[in-house]
Amino acid sequence: MKALWPTDPAQLWPDYRPTDLLDLPELARRCGVRRVLAKAENQRALGSFKSLGGMYAGLRALSRRTGAASLAQLRAACAAAPSPLRLLCASDGNHGLAVAAAARQAGVAALIFLPAAVPEARAARIRALDAQVVRVAGDYEDAVLQAEAAAARGEGLLIADTGSDADDPVIADVLAGYGLLARELRAQCAQPPSHVYVQAGVGVLAAALAEGLHDWLRAPARLTVVEPERAACVGHGLQVGLAQRIDGDLDTVAGMLSCGQAASVALASLLRRGATAMSVDEAQLIQAPGVVSASGGPETTPSGAAGVAGLLRAAEEPALRRAHGLDENSVVLVVISEAALVEAN
């Protein structure tokens, strides 16, 4: 069988380079730990780590459909397809942008379902890549259902980053795309971290780090998934052992994390690798971007700084600090998952 294209997420961008790993000593002093290292995914193409997963999974889905083994072959095969090909997905913004970019690379159409609450600036960025945006009256989970229904009607190839099928090859490709972060980190960091605080929507980024770093972290080798209190679906899934829809309206200032059910592919990895979860409230999410900036880190959003919000809560609450094994010798990794948006753009 001909190999799928691309074989490596680093092939997606001609000017690819690893994003920076920043040392934030001021934040480390505030948290009472030896070091805080921040992976600056705001530097990634399209402004977030999502450019790796949606782009990689979208192009590989088209490669599976056409048999193409290079970008040139893929563009030719898509142009010659007997009926027009289209990629579709549900998104809170960044995943949809990445899928739209994949469609544009291949020369096919894209259809992106966005919840009504997604800011127009995010929708405009997707439309700028020639994708069609459909606004959904409801939350992210309602957008997921509409995208799944459109795919079932034959309206396009679904490039989902969440779902109940633990063997879904598309979601596995999304996870593999994010795995580039772990490979970069292992090459960049001379001293392996002891703790990782990583934000979660449906949990795929956290799962990619759990898989890619589990045998490299030093004791206590703790990976903590950080979620908004109002959208803590991964923590619920870890507690009950399976992906289940949680109650509530998912209304959080961390809009990229406004998800009501963990991805089964991600949850299986997180359970296998012994990850734990914690939640943070809205005030802690709102505070975190300013703390990152004041500590010498990049401008970001409450979603982008949610891992830092989790670290701050764990470091400042004595019972959590003890439970997490944080002390003056801890080396902590966080991910700044997206750039700050200028809503007027």
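Each chain carries its own residue numbering, running from 1 in the written order of its sequence. Given that this is a predicted model, residues contribute local features only at a pLDDT of at least 70 and side-chain atom pairs are listed and counted only at 80 or more, while totals for whole chains, interfaces and linings are drawn from all residues. Just so you know, side-chain values use all the structure's heavy atoms and leave hydrogens and water out.

A. Expanded view of the sheet that holds strand 3 (residues 86–90). Judged by pairing direction, the sheet is parallel, and its four strands sit side by side in the order 5-4-3-6 without closing on themselves. The sheet is open, and its two edges are formed by strand 5 (132–136) and strand 6 (157–158), each paired on a single side. Any two strands with at least two DSSP-identified bridges between them are counted as paired. Per the convention used, a helix needs a DSSP run of H or I reaching at least four residues, while a strand needs a run of E reaching at least two, with both numbered from the N terminus. As paired elements, strand 3 and strand 4 (residues 109–115) share five bridges and run parallel to each other. Bridge pairing in strand 4 links Ala-90 to Phe-113. Packing against the sheet, helix 4 (residues 94–106) makes contact with strand 3 and strand 4, and its axis sits at approximately 175° to strand 3. Note on definitions: a residue-residue contact is assigned when non-hydrogen atoms from the two residues lie within 4.5 Å. Between the N-to-C directions of two axes lies an angle of 0 to 180 degrees, each axis being a line fitted to C-alpha atoms and, for a helix, fitted only over the stretch in contact. Strands in contact with helix 6 (residues 140–152) are strand 3, strand 4, strand 5 and strand 6; relative to strand 3, the strand with the most contacts, it is inclined by about 155°.

B. Layout of the packing of aromatic side chains. For Phe, Tyr and Trp, rings pair up if their centres lie within 6.5 Å, where Trp contributes its six-membered ring, and each pair is then called stacked (planes under 30 degrees apart), edge-to-face (over 60) or tilted (otherwise). Enumeration over the complete set of coordinates arrives at one aromatic pair. Ring geometry for Phe-49 versus Tyr-178: centroids 4.8 Å apart, planes at 65°, classification edge-to-face. With Phe-49 in the loop between strand 2 (35–40) and helix 2 (50–66) and Tyr-178 in helix 7 (residues 169–188), this residue pair connects regions lying 129 residues apart in the sequence. Taken individually, Phe-49 and Tyr-178 each receive the classification buried, so the pair is uniform in this respect. Burial classification: accessible surface area is computed with a 1.4 Å probe over protein chains only, and a residue below 20% of its type maximum counts as buried, one above 50% as exposed, and the rest as partly exposed.

C. Examining the environment of Trp-13 more closely. On the secondary structure map, Trp-13 appears in the segment before strand 1 (21–23). Residues Trp-13 and Ala-208, spaced 195 residues apart in sequence, show a C-alpha to C-alpha distance of 20 Å. Once residues lying within four places of it in the same chain are set aside, the contact partners of Trp-13 are Ala-45, Leu-46, Ser-51 and Met-55.

D. Region of interest: helix 7. Residue count minus one, scaled by 1.5 Å, sets the expected span of a helix. Over its 20 residues, helix 7 extends 29 Å from the first C-alpha to the last, a length consistent with the 28 Å expected when each residue adds 1.5 Å. The reported bend at a residue is simply the angle between two axes, fitted to the 7 residues ending at it and to the 7 residues beginning with it. At Tyr-178, helix 7 shows its strongest bend, of approximately 25°. N-cap assignment for helix 7: the residue whose side-chain oxygen lies 2.8 Å from the backbone N of Val-170 is Asp-168. Definition of a polar contact: a pair of N or O atoms within 3.5 Å, with one able to donate and the other able to accept a hydrogen when the atoms are protein atoms, and with sequence-neighbouring residues admitted only if both atoms are side-chain atoms.

E. Fine view of the state of the cysteines. Note on terminology: pairs of cysteine sulfur atoms within 2.5 Å are recorded as disulfides. Counted by the stated rule, this structure contains zero disulfides. Here Cys-31 stays free of any disulfide, with the sulfur of Cys-189 as its closest cysteine sulfur at 17 Å. Judged by relative accessible area, which is 2%, Cys-31 ranks as buried. Its sulfur unpaired, Cys-259 is 5.8 Å from the next cysteine sulfur, which belongs to Cys-233. Classification of Cys-259 by relative accessible area gives buried; the value is 4%.

F. View of the pattern of salt bridges. The salt bridge definition used is simple: a Lys or Arg side-chain nitrogen within 4 Å of an Asp or Glu carboxyl oxygen. One pass over the structure, following the stated rule, counts 21 salt bridges. In this structure, Asp-173 and Arg-64 form a salt bridge, with 3.1 Å as the shortest nitrogen-oxygen distance. With Asp-173 in helix 7 and Arg-64 in helix 2, this residue pair connects regions lying 109 residues apart in the sequence. Under the relative-accessibility criterion, Asp-173 is labelled buried at 7%. Residue classification places Arg-64 among the partly exposed positions, given a relative accessible area of 33%. Between Glu-211 and Arg-272 there is a salt bridge; the shortest N-O distance is 2.4 Å. Separated by 61 residues along the polypeptide, Glu-211 in helix 8 (residues 204–213) and Arg-272 in helix 10 (residues 264–272) bring together distant segments of the chain. Residues joined in a network through salt bridges with shared partners are Lys-39, Glu-41, Arg-44 and Glu-184.

G. Structural view of the packing of helix 9 (residues 233–240) against helix 10. Following both chains from N to C, one finds helix 9 and helix 10 inclined at 60°, their axes separated by 10 Å at the closest point. Put simply, helix 9 runs oblique to helix 10. Relative to helix 10, the crossing made by helix 9 is right-handed. In this structure, helix 9 uses Val-234, Gly-237 and Leu-238 to contact helix 10, whose residues at the interface are Leu-267, Leu-270 and Leu-271. Charged means Asp, Glu, Lys or Arg here, nonpolar means Ala, Val, Leu, Ile, Met, Phe, Trp, Tyr, Cys or Pro, and polar covers whatever is left, Gly included. In terms of residue class, the contact of helix 9 with helix 10 is built from five nonpolar, one polar and no charged. Under this scheme an angle from 65 to 115 degrees is roughly perpendicular, one under 35 degrees roughly parallel, and one over 145 degrees roughly antiparallel; angles in between are oblique. Two helices cross in a left-handed way if the nearer one is turned anticlockwise from the farther one by less than a right angle. They cross in a right-handed way if the turn is clockwise.

H. Representation of the nonpolar core. Leu-62, Leu-87, Val-204, Leu-209, Leu-223 and Leu-270 are the most contacted members of the largest nonpolar core, which totals 93 residues. No other element matches helix 7, which puts nine residues into this core. In contact with Leu-270, not counting residues within four places along its chain, are Gly-203, Ala-206, Ala-207, Ala-210, Leu-223, Val-225, Val-234, Leu-238 and Ala-275. Of all hydrophobic cores here, the second largest spans 30 residues; its members include Ala-38, Met-278, Val-308 and Leu-320. Nonpolar cores are built from buried Ala, Val, Leu, Ile, Met, Phe, Trp, Tyr and Cys residues. Side-chain atoms within 4.5 Å join them into one set.

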